[in-house]
Amino acid sequence: MIGADGKKRGSKPFSVLDGIYTQQGTADIRALFDDEVVFPFPKPVALLSRLIEFGSESDSIIMDFFAGSGTTGRAVMAKNASDGGNRSYMLVQLPEPLDPENQDQKVGADYCDKIHKPRTLAELTKERLRRSANLVKD
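Residues numbered from 1 in each chain as written. Predicted model: local features only at pLDDT ≥ 70, side-chain atom pairs only at ≥ 80, totals over all residues. Heavy atoms only, no water.

(A) Main features of the pattern of salt bridges. Tallied over the entire structure, the rule returns nine salt bridges. Notably, a salt bridge pairs Asp113 with Arg119, separated by 2.7 Å at the nearest N-O pair. With a closest N to O distance of 2.8 Å, Glu127 and Arg131 form a salt bridge. With Glu127 and Arg131 both in helix 5 (residues 121-137) and four residues apart, the pair spans about one turn of that helix. Several salt bridges converge on common partners, so that one network encompasses Glu127, Arg130 and Arg131. (Salt bridge = Lys/Arg side-chain N within 4 Å of Asp/Glu carboxyl O. Helix = DSSP H or I, 4+ residues; strand = E, 2+ residues; numbered from the N terminus.)

Below is the structure:
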């Protein structure tokens, strides 16, 4: 059976992850942050977009209590842009300090210094969301 949106209904996908690879998360970050990987191992926007597609309506509120790199917010913006939806999102991220001595956090800490923001995960998350919003607007 074919739904009104043209998608086949009634059959199970092999995997919700078909064609989505973890390396895409790093590529997403590189594209936003001048080729710098300010977040180690971020989730791919395509993965969260797929989950949002399965689990929300066009006017849903999406909540992420552990925002991390902000992928959920970016995915909601992208999904709204692609289907004309009006989803909202709420992200929570504590201002965890970034340690420039920690190899996994050094690039992020240095980036915070570069943009004159406190060295916290929350500041990097907010910067990603600002950049993502500008990208979606363009």
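(B) Highlighting helix 5. For helix 5, built from 17 residues, the straight-helix expectation of 24 Å at 1.5 Å per residue is met to within 8% by its first-to-last C-alpha distance of 24 Å. Turning to helix 5, its buried residues number three or more, namely Leu121, Ala122, Glu123, Leu124, Thr125, Glu127, Arg128, Leu129 and Ser132. Residues of helix 5 that are buried sit in contact with helix 1 (23-32), helix 2 (45-55), helix 3 (71-83), strand 2 (88-91) and helix 4 (103-114). (Expected span 1.5 Å × (residues − 1). Buried < 20%, exposed > 50% of the residue type's maximum accessible area, 1.4 Å probe, protein only. Contact = heavy atoms within 4.5 Å.)

Purely geometric numbers; function is a separate question.
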